Amino acid sequence: MKYDVIVVGGGASGLSCILTLVSSRSRGWAWAENRKYALFDTNGSDLYKAYLKNVPGVEPKTGSQLIEFIRKQIQEWGGAEFFQEKVSRIERTEDGWKLSTELGKEYEASFVVLATGFHSFDIEVKGADIQVVENPRSPKPGRIMIKHVDFEVAPNLFVTGTLAGLSSHFTSCAGSGVEVAAEILSRMAGKRIVIHDVPQE
């Protein structure tokens, strides 16, 4: 199965990334209309344990409630599939990346976004030099990040959120997911893309 973008991890950064990607649809952009996206998640995000009272513009709610709400936003745009599978291997191909899961299934994508958090990284990656180091912004020891340049680890392989070395706050992680999505969309369009919505009159 082939997708334009596969996001691995369904926490703040992964969900924000794929929400931004799907929101490029239905805007009259021919290059964006038929894009296909997928998100792989095993429901292990720390966001499930959170209670958010200091997120700008968001009424206090549990992380589980916020995850459910963002997932509904994504589904309303369409164009994204959700898989509750653990990705075990990523391999570079001639025109992108091939992902294998622990269920023995294989998927392909032009772009891959890693958003699996800073507790560990156990995905085997072939075709990219993955350097896992300590996360300098974590208040707790033993947290990790993947080295990158502007969130890119290898051509069209990105990292977001705490796995990119950010602090573990919802807004920090969500923002990085949006930044990565904007970069991917810009490459698809061949020009800089930033998506804004305005009230309909």
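Just above, that's the structure.
What comes next is a walk through the structure. Please read all numbers here as calculations on a predicted model, not as lab measurements.

## Thoughts on helix 2 (residues 63-77)
Piece 1. For helix 2, which comprises 15 residues, the first-to-last C-alpha distance of 22 Å matches the rise-based estimate of 21 Å (1.5 Å per residue) to within 8%.
Piece 2. For helix 2, every residue scored as buried is listed here: Gly 63, Leu 66, Ile 67, Ile 70 and Ile 74. Down the axis, helix 2 shows its buried residues gathered within 100° of arc, on one side only. Exposed side chains of helix 2 directed beyond 90 degrees from the buried face belong to Gln 75 and Glu 76.

## Some details on the packing of helix 1 (residues 12-22) against helix 3 (residues 170-189)
Each pair of packed helices can be summarised by the angle the axes make with each other and by the distance between the axes.
Piece 1. In contact at an axis separation of 7 Å, helix 1 and helix 3 are set at 35° when each is read in the N-to-C sense. The hand of the helix 1/helix 3 crossing is right-handed. Where helix 1 approaches helix 3, its residues Ala 12, Ser 13, Ser 16, Cys 17, Thr 20 and Leu 21 are matched on the opposing element by Phe 170, Cys 173, Ala 174, Ser 176, Gly 177, Val 178, Val 180, Ala 181, Ile 184 and Leu 185.
Piece 2. Looking at the contact of helix 1 with helix 3 residue by residue, the class counts come to 11 nonpolar, 5 polar and no charged.

Thresholds, definitions, all that
- Residues numbered from 1 in each chain as written.
- Predicted model: local features only at pLDDT ≥ 70, side-chain atom pairs only at ≥ 80, totals over all residues.
- Heavy atoms only, no water.
- Helix = DSSP H or I, 4+ residues; strand = E, 2+ residues; numbered from the N terminus.
- Expected span 1.5 Å × (residues − 1).
- Buried < 20%, exposed > 50% of the residue type's maximum accessible area, 1.4 Å probe, protein only.
- Arc of directions from axis to C-beta.
- Axes fitted to C-alpha atoms, helices over the stretch in contact; angles between N-to-C directions.
- Left-handed = near helix turned anticlockwise from the far one by under 90°.
- Contact = heavy atoms within 4.5 Å.
- Nonpolar A, V, L, I, M, F, W, Y, C, P; charged D, E, K, R; others polar.

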